[in-house]
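# Coordinate inspection notes
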Amino acid sequence: MSIAQEFTKGLWKEIPPFRLVLGLCPTLAVTTSVENAIGMGVSVIFVLACSNMLISLLRKVIPKEVRIAAYIVVIATFVVAVELLMKAFFFSLSESLGIFIPLIVVNCIILGRAEAFAGKNGVLASAADGVGIGTGFTLSLMSLGSLREIFGAGTFLGMSVFGPNFEPFAFMQQAPGAFVCLGLMLGVMNILGRPKVAKA
Amino acid sequence: MPDSVRIVLALSIICLVSGTALGGLYNGTKERIEIQVLENKQMPAVRAVMEGADNDLLNDRKSLDFGEKTKRIVFPAKKGSDLFGVALEFSGKGFGGDVGVMMGIDLKSGKLAGIGITTMSETPGVGTRAKEATFTKQFKGMSLDANFNVKADGGVVDAVTGATVTSRAVCSALRDGAKFYKENKDKILTGIQ
């Protein structure tokens, strides 16, 4: 596969969480607003791209018996870096994402890409894979976040959408709303992505 | 090289590099994070209780030593060159953890200039109402010798309806604060001159 294909597969064919169905915990938890979704998505892109590149660079050095431990150290390093930088420069965002930033360490998308891709492929391809999958994750979070913010709070990125008379559908902002939204999105993705059956 | 040595060495080096890098980053961002936390959590309360101050409340803060291991940040408030108040933070145990209370003291009258809630993890919509002015404004002008207890416990404080635990936490923070201020008044006053 070319570098461009490594990137674009993350946007549709292997888009997490809708296709790979990985990383559901942050997907459900932080998508109460588009802003949170973007913050989370960008953090994941950064961690995923950096850890993929570094792991790919080190793939000949890391003994295969302890590769998972080594991957976790690399990933955790980048996650802590993101956490510190976010606290220093985007404090209110770090307050609203809270525990879900440190929890990126155990996000299985990232460990999954390290194990399934970066450990076996070159640096450029791994970087493209990381940015692609990360972007796909961000787009998924944004679409869920948009749905939940528009209907649950009547706003988009904090701006009012329906005017002052709109009664927000608060259910969408709560945990059950997250599950319902995710389920509907998965359903839509399955209808759109269903392989075409040749007509007899 | 035997396998076991190679494995130990590789993992150790990775951890060492990671630890060093994060240590550096932590030191580099520590000061900025501290200011961010103060600015976003404490400062709104400090500004509210030290109404009328025209100095830079954030940068004029002082960290004072009160005996062993007790450092406290105090916020002096000035109008022109006139030092008129000081704000200190105390905390009490609420329903969902500590409730931080910023206590503003008017230096002239020795009474409370006001209180503000800084941090809390109380039940949204119930305990969090203690943040609202309807609750906090009653403390303005109270003497530090007042009986800081909710009325149900025989004190002078009107509790937030349905949030007695949170109100008690605020009262306990104020009792601690009043006691601390009375005991360390001289030290605080010389410290902020």
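Each value, and the rule that gives it
Residues numbered from 1 in each chain as written. Chains lettered and ligands numbered in written order. Predicted model: local features only at pLDDT ≥ 70, side-chain atom pairs only at ≥ 80, totals over all residues. Helix = DSSP H or I, 4+ residues; strand = E, 2+ residues; numbered from the N terminus. Rg over C-alpha atoms; globule rule 2.2 N^0.38 Å. Buried ≥ 20, exposed ≤ 12 C-beta atoms within 10 Å, placed from the backbone. Contact = placed C-beta atoms within 7 Å. pLDDT = per-residue confidence, 0-100. Pairing = 2+ DSSP bridges. Axes fitted to C-alpha atoms, helices over the stretch in contact; angles between N-to-C directions. Left-handed = near helix turned anticlockwise from the far one by under 90°. Nonpolar A, V, L, I, M, F, W, Y, C, P; charged D, E, K, R; others polar. Parallel < 35°, antiparallel > 145°, perpendicular 65-115°, else oblique. Arc of directions from axis to C-beta. Expected span 1.5 Å × (residues − 1). Core = buried A, V, L, I, M, F, W, Y, C linked by C-beta atoms within 7 Å.

Before going further, it helps to examine the overall build of chain A. Summing up its helical and strand segments, chain A has 8 helices and 2 strands in all. Computed over the C-alpha atoms, the radius of gyration of chain A is 18 Å, within 12% of the 16 Å expected from 2.2 N^0.38 for a compact globule of 200 residues. Once the C-alpha set of chain A is aligned to its principal axes, its extents read approximately 60 × 60 × 25 Å. When the 200 residues of chain A are sorted by exposure, 38% land in the buried category. For chain A, the share of sequence-separated contacts (at least 6 apart) that also reach a separation of at least 24 residues comes to 76%.

Time to look at the confidence of the model for chain B. Averaged over every residue, the pLDDT of chain B is 89; the share at 70 or more is 99%. In the predicted assembly, ipTM is 0.79 and pTM is 0.80.

Each regular strand shows side chains that alternate between the opposite faces of the sheet. Residues and elements named next belong to chain B. When you tally the buried positions in strand β4 (residues 97-106), you get 7 out of 10 residues, the bulk of the element. Bridge analysis of strand β3 (residues 82-94) against β4 gives 10 bridges, and the strand direction is antiparallel. Pairing of V86 across the sheet is with I105, part of β4. The turn joining β3 and β4, which pair antiparallel and follow one another in sequence, is formed by 2 residues. Between the antiparallel neighbours β4 and strand β5 (residues 112-117) lie 5 residues, among them G110 with a positive phi of about 70°.

On to the packing of helix α3 (residues 34-57) of chain A against helix α4 (residues 67-89) of chain A. Residue and element names in this part refer to chain A. It is at 9 Å that the axes of α3 and α4 come closest, and there the two elements cross at 145°. Between α3 and α4 lies a crossing whose hand is right-handed. Here S43, F46, V47, C50, S51, L54 and I55 of α3 come into contact with α4, specifically with Y71, V74, I75, F78, V79 and V82. In terms of residue class, the contact of α3 with α4 is made up of 11 nonpolar, 2 polar and no charged.

A separate point is the packing of helix α7 (residues 123-153) of chain A against helix α8 (residues 175-193) of chain A. Residue and element names in this part refer to chain A. Closest axis-to-axis distance for the α7/α8 pair is 10 Å, and the angle between their directions is 130°. With respect to α8, the element α7 is oriented oblique. Our pair here, α7 against α8, has a crossing hand that is right-handed. Residues S143, L144, L147, R148 and G152 of α7 touch α8, and the partners they reach there are G177, A178, C181, L182 and M185.

The next point concerns helix α6 (residues 108-118) of chain A. Residues and elements named next belong to chain A. Those residues of α6 not exposed but buried are I109, I110, R113, A114 and A118. Angularly, the buried residues of α6 cover 135° about the axis, an arc narrow enough to put them on a single face. Contacts made by the buried residues of α6 are with α3, α4 and α7.

With that settled, consider α4 of chain A. Its 23 residues place the ends of α4 of chain A 33 Å apart at the C-alpha level, agreeing with the 33 Å of an ideal helix rising 1.5 Å per residue. Regarding α4 of chain A, the residues found buried are A70, Y71, V74, I75, T77, F78, V79, V82 and M86 of chain A. Where the residues of α4 of chain A are buried, they touch α3, α5 (91-97) and α6 of chain A together with α1 (3-49) of chain B.

What follows covers the sheet that holds β3 of chain B. Residues and elements named next belong to chain B. The sheet built from 5 strands is open, its strands ordered β1-β2-β3-β4-β5 with antiparallel pairing. If you trace the sheet from one side to the other, it starts and ends with β1 (62-65) and β5, each paired once. Strand-to-strand twist of the sheet, defined as the mean angle between neighbouring strand axes without regard to direction, takes the value 30°. With respect to the sheet, α1 is in contact with β2 (71-79), β3, β4 and β5, its orientation differing from that of β5 by roughly 155°. Here helix α3 (residues 164-192) sits on the sheet in contact with β1, β2, β3, β4 and β5, set at roughly 140° to β3.

Glancing now at the pairing of β3 of chain B. Residues and elements named next belong to chain B. When β2 meets β3, the two strands line up antiparallel, connected through 6 bridges. Note on β3: the bridge partner recorded for F75 is A87. Linking two consecutive strands that pair antiparallel, namely β2 and β3, is a turn of 2 residues; a positive phi of about 65° is found at G80 within it.

Counting residues in each nonpolar core, the largest one holds 40 residues, and the members touching the most others are V47, I75 and I110 of chain A. Broken down by element, this core gets its largest block of residues, 9 residues, from α3 of chain A. Discounting residues that sit within four places of it in the chain, I75 of chain A has contacts with V47, S51, V105, I110, L111 and A114 of chain A. In terms of nonpolar packing, the next biggest core, distinct from the first, is built from 39 residues, M43, V49, I117 and V170 of chain B among them.

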